[in-house]
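Residue-level listing of the chains:
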Amino acid sequence: MRNYLQKFKTLALALTLLFGVSIMTNAQNRTITGTVLDASLGDPVPGATVLIKGTTRGVATDLDGKFTLEIQPGDQILVISFVGYLTQEVEIGNQSTFTVNLEEDIQSLEEAVVIGYGSQDKKEITSAVVGVKPEDFNRGNVSNPAQLLQGKVAGLSITRPGGNPNNGFNIRLRGLSTFGANSSPLIVLDGVIGASLENVDPNDIQSIDVLKDGSAAAIYGARGSSGVILITTTRSGKKDGNVNVTINSFATMDQATNLIPVLSAEEFVARGGTDFGSNTDWREELISDAFSYTTNASISGGFQNTSYMASVNYRDNQGIVDGTNNQRLNTRINLSQGALDNKLRFNVNLSFTNVDSESINDAAFRYATIYNPTAPVFENTESAQERFGGYFQRDLFDFYNPVALAKQQQFIGETKTALTSYRVEYDFLPNLTWSAQYSQDRRNTISGGFWSRQDFQVGFGASGSAERNAFDRDQKIFETTLRFETDLSDGLNMTLLGGLGFQKTKNEGFGARVRQYLFDLGWNNLGAGAIRLGANTNLYSFANEDQLNSAFGRANFNYNNWLFLSASVRAETYSGFGENNQTGIFPAVSIGSDFTQIFDMGIFDQFKPRVSYGVTGNLPPSPTLALGVFGNGNRIDLDGDPLTTNDIFVGIVQNSNPNKDLKWETKKEFNIGIDFGLLDGLLSGSVDYYTRNISDLLFNVPVATGAPNPFDPGRFNTASSTWVNLADLRNAGFEFAISANRLGKGSLKWTPSFNFTIYQKTQIESLSAGELGFDELRFATPGSPGQNNNPIIYNRVGQTLGDFYGPRLLGISEGGEYILSTTDPNEFERLGNGLPKGEFGFANNLEWGQWNLSFFFRGAWGHDLYNSYRGFYENADGASNTWNSVITDKTPTNPLITSTPTFNSSYIEDASFIRLDNMELGYNFKTNSPNLSSFRVYFAAQNLFTITNYTGIDPEVRINDSENGDGFTTSLSPGIERRNTYFQTRSFTLGLTVNFK
């Protein structure tokens with residue numbers, strides 16, 4: 001009893017103390033209420049953040065813009081903020097009710113845009129430069145930084161036909177600017193020139209700026225002809241002692257879509273096809289829904305003079321075919337440190353990426369479409385078990401079981417990249433800053449290929465085969481600059497930049513392939529392959545090195561914020577060109593004037609005409625092209641006796657003739673444009689027209705061996721080809737972009753943006769170098785069977801690059817035979833062109849309370865595609881009965897075509913399209929926790945639907961052809977959809993984002 005009484009007394013005392021504390025607290029704390037409104041419209045602003053300054057205590061406004069907040073003694077100021085509005089601070093005092101009017105943040109003209117070696121206010125830009133921020137990026141399962149920009153920038157074309165997760169994106173800026181050298185824009189990542197997109201995860205990107213015209217890109221000289229894309233990663237955190245943690249995780253399901261219709265098993269047999277007794281949907285056997293997973297985590301913060309950001313990004317992207325996947329792990333650390341009152345600043349950026357990929361032979365997609373639908377997947381016979389591992393196979397031409405093809409061939413890749421960058425800046429004076437940056441970009445790739453002993457396509461005749469390849473690239477760059485800014489007179493500001501740069505690149509590689517295995521051991525045991533010479537074998541190694549030295553300078557002038565002038569020049573020397581032409585000069589100048597700063601222009605807030613001109617260059621695809629290097633020839637047995645081996649040697653051959661005059665490709669670009677803003681920042685945009693003249697394009701031309709070499713006087717051609725500066729091209733275009741700032745009324749806000757580009761397709765001005773020259777270059781044969789020797793793209797002087805040529809189909813006879821205009825290749829007609837006339841993007845973002853909805857349309861028009869499936873597999877001739885037939889809206893059925901498949905005009909289709917590229921619906925939960933700043937869930941979809949008349953796999957623009965020639969001339973064959981194209985996919989993503997503080 002005494003124990004219970006003591007416990008009761010203790011409990012009563014605790015309750016009394018708690019009650020007293022509660023009374024004291026309520027006496028000191030009080031509650032305030034308020035409403036947050038749009039200053040211009042008077043509408044409530046839901047979701048605005050109301051914080052006590054200097055604390056993490058705060059709330060978000062409700063759908064009516066109202067808030068209720070408990071304050072404590074010492075709380076003095078409210079901080080109210082919302083995206084698109086200027087942050088406002090309000091003194092609390094003795095007030096209990098507040099009405100806060102937020103002003104829209106009309107600061108687009110003051111935004112900093114990253115340019116080469118620095119940044120400028122957007123109002124000062126006099127070139128065609130576009131900045132894209134995270135809120136404008138594409139959404140969904142974005143695994144490659146290029147996807148963030150797809151359709152967002154006028155003139156920037158980003159394509160990836162099909163849905164292979166291992167394929168990269170083709171990036172072209174303002175059309176085609178070369179066909180023998182690098183045709184993709186230069187990537188500059190945190191100041192590191194020539195970095196790979198693999199070095200950065202999309203989740204870590206803070207902004208992307210695109211230098212479109214020659215005057216903007218000329219500061220990068222010999223690497224800027226195809227444009228420049230500047231990527232800035234997320235900077236280090238705030239130096240306020242707080243730590244911020246963000247986690248973004250999502251899962252994606254991919255489904256195959258837009259499969260070409262084919263005959264059923266019954267229809268196939270009725271047409272005359274061989275009946276093997278089964279009913280197999282080969283595409284269903286090959287493909288299935290794919291599930292991918294992504295998790296991104298980052299931590300940022302800072303204290304005193306130190307700030308940091310670290311992130312880990314893991315992506316597991318699975319393909320719609322078992323054996324196709326891409327797993328990527330990227331880690332990044334950004335560290336900043338200031339000293340000497342922040343006059344001395346250090347920045348360290350470290351990025352490491354591991355990519356593991358698995359692929360199949362893409363021919364499996366072709367055979368899954370056209371393989372005999374009456375054939376079974378497996379065959380339970382002793383012969384099939386012994387020869388083909390139980391898979392159904394037949395000794396017929398071009399007839400391979402697609403499931404076996406996917407299972408009995410394997411291809412893997414392992415890529416490791418390390419990008420390290422160290423930068424130091426020092427302010428000698430408040431207006432004089434010196435900087436130096438050293439970076440090292442390393443890329444190591446190991447790949448493996450395996451063909452089973454029972455693989456019918458390759459391994460069966462080779463008794464199994466395997467290969468292993470290794471490639472290492474090491475690029476080191478050092479650059480130093482000096483920046484000086486001063487006011488020359490009242491209202492006239494000048495900024496000068498000068499710098500030096502040194503770049504050294506080393507490439508090394510090794511590979512081996514063997515055949516004839518006793519067991520299927522694969523690429524990790526090449527020693528078990530008994531045959532190491534002849535067919536299905538290989539052995540090689542190589543190394544090369546080049547150096548690029550640069551000096552550059554730029555001057556910017558600003559006169560009273562209405563007249564802007566910029567001029568730059570870069571001189572570069574490259575070891576990979578001929579000894580007579582190793583140095584190039586690349587100047588640029590641009591001028592612009594904002595008329596609204598001079599006189600009243602009514603509704604215009606900005607009206608800035610600008611004119612620019614710039615010269616840029618392009619590096620060759622290899623640093624040895626001018627040297628006439630030697631390679632390995634055939635094995636030579638000096639005495640012809642196979643029993644002796646000490647007299648067997650590998651002969652020496654020259655790969656190409658030397659050219660001491662080989663030099664830069666040069667692009668001269670003129671641009672005229674207008675930047676505009678109107679209606680108090682409600683609308684803003686730009687208009688540009690450009691012309692490009694590209695000269696001295698690099699190309700490998702055939703020459704007569706033994707003839708005098710005009711590029712190396714006194715010597716003769718010892719090889720059958722020479723790299724020369726062959727062609728001149730010309731193109732032009734018109735670009736338009738406009739965006740609106742939060743249209744709508746009440747709690748519903750709509751932010752649309754629209755851009756389009758109209759191209760004047762690339763014209764071939766000449767194809768000659770000295771006495772060497774051509775009237776035309778023909779490329780792109782459709783292939784086997786029966787169409788190996790008839791190129792369908794003719795590149796002719798005075799005409800458009802990439803024109804289709806062939807006979808026109810005049811009709812079909814009663815017997816189902818072609819009626820063609822001609823069969824003489826010299827009389828073929830121009831049938832179309834694979835380059836687009838125009839492209840557009842239309843982005844929309846809607847906000848309503850805690851909800852947001854974004855959707856994006858993208859499209860292209862005026863481009864043609866060769867539909868290779870129709871070109872080979874829609875005819876009903878006897879030889880074609882081995883394969884199934886595609887039946888599209890354009891397939892003749894009355895009568896069926898009985899002619900052997902032959903290229904003609906009917907297979908060139910208009911591939912113009914409009915696509916709902918991506919859509920996202922998200923919800924931001926209200927968070928009252930002091931440790932949780934935001935919590936968001938979202939659902940996204942990609943490639944929801946496509947409107948097109950094209951009947952192939954994917955109407956996406958094809959700007960090159962991977963099956964054409966030696967890999968250097970793929971851009972001369974645009975517009976071909978090959979039969980091995982990976983099927984198109986549609987994606988659905990569910991994810992969440994959490995921010996801790």
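To start, this report covers the structure provided alongside it. (Residues numbered from 1 in each chain as written. Predicted model: local features only at pLDDT ≥ 70, side-chain atom pairs only at ≥ 80, totals over all residues. Heavy atoms only, no water.)

### A short note on the overall build of the protein chain
Of the regular secondary structure elements, the protein chain holds ten helices and 51 strands. Relative to its length of 997 residues, the protein chain is compact, with a C-alpha radius of gyration of 33 Å against a globular reference of 30 Å. Along the longest, intermediate and shortest principal axes, the C-alpha atoms of the protein chain span 105 × 85 × 65 Å. Relative to its 997 residues, the protein chain shows a buried fraction of 51%. Partitioning the contacts of the protein chain with sequence separation of at least 6, the portion at a separation of at least 24 is 70%. (Helix = DSSP H or I, 4+ residues; strand = E, 2+ residues; numbered from the N terminus. Rg over C-alpha atoms; globule rule 2.2 N^0.38 Å. Buried < 20%, exposed > 50% of the residue type's maximum accessible area, 1.4 Å probe, protein only. Contact = heavy atoms within 4.5 Å.)

### Brief notes about the environment of P895
You can see P895 is positioned in the loop between α10 (868–873) and β47 (908–910). Taking C-alpha positions, P895 is 57 Å from N659, a pair spaced 236 residues apart along the chain. If we skip the residues at most four places from it in the chain, P895 touches I812, S813, E814 and G816.

### Overview of the sheet that holds strand β43 (residues 829–833)
If you walk across this open sheet you meet the four strands as β38-β39-β40-β43, and the pairing is antiparallel. Only two strands of the sheet have a single partner each, and these edge strands are β38 (776–779) and β43. Averaged over all pairs of adjacent strands, the angle between strand axes in this sheet comes to 40°, irrespective of strand direction. Bridge analysis of β38 against strand β39 (residues 793–796) gives four bridges, and the strand direction is antiparallel. Within the sheet, the bridge partner assigned to R778 lies in β39 and is Y794. (Pairing = 2+ DSSP bridges. Axes fitted to C-alpha atoms, helices over the stretch in contact; angles between N-to-C directions.)

### Things to note about the packing of aromatic side chains
Counting across every chain of the model gives 41 aromatic pairs. Consider the rings of Y559 and W562, whose centres lie 5.7 Å apart with planes at 70°: the pair is edge-to-face. The exposure class assigned to W562 is partly exposed, which follows from its relative accessible area of 24%. Ring centres of Y923 and F925 lie 4.8 Å apart, and the angle between their planes is 80°; on these two criteria the pair is classed as edge-to-face. For Y923, a relative accessible area of 21% corresponds to the partly exposed category. Judged by relative accessible area, F925 falls into the partly exposed class, the value being 40%. The lysine or arginine in question, R513, covers the ring of W451, its NZ or CZ lying 3.8 Å from the ring centre. Sitting above the plane of the Y794 ring, R778 keeps its charged end 4.1 Å from the centroid. (Phe/Tyr/Trp six-rings, centres within 6.5 Å; stacked < 30°, edge-to-face > 60°. Lys NZ or Arg CZ within 6 Å of the ring centre and 35° of its normal.)

### Digging into the sheet that holds strand β7 (residues 97–102)
Strands sit in the order β4-β1-β7 across an open sheet of three strands; the sheet is mixed. The strands lining the two open edges of the sheet, one partner per strand, are β4 (66–71) and β7. The mean angle between the axes of side-by-side strands here comes to 30°, regardless of whether they run parallel or antiparallel. Where strand β1 (residues 30–38) lies against β7, six bridges are found, and the strand directions are parallel. Its bridge partner lying in β7, T33 is registered against T97.

### Focus on the pattern of salt bridges
Throughout the structure, instances matching the rule amount to 44 salt bridges. When the shortest N-O distance is used, the salt bridge between K660 and E579 registers 4.0 Å. Here E579 lies in the loop between β27 (563–574) and β28 (583–593) and K660 lies in the loop between β31 (648–654) and β32 (665–678), a separation of 81 residues in the sequence. Between D961 and R978 there is a salt bridge; the shortest N-O distance is 2.8 Å. One end of the pair, D961, is in the loop between β49 (932–948) and β50 (976–977); the other, R978, is in the loop between β50 and β51 (985–996), and 17 residues separate them in sequence. Both residues of the pair, D961 and R978, belong to the buried class. (Salt bridge = Lys/Arg side-chain N within 4 Å of Asp/Glu carboxyl O.)

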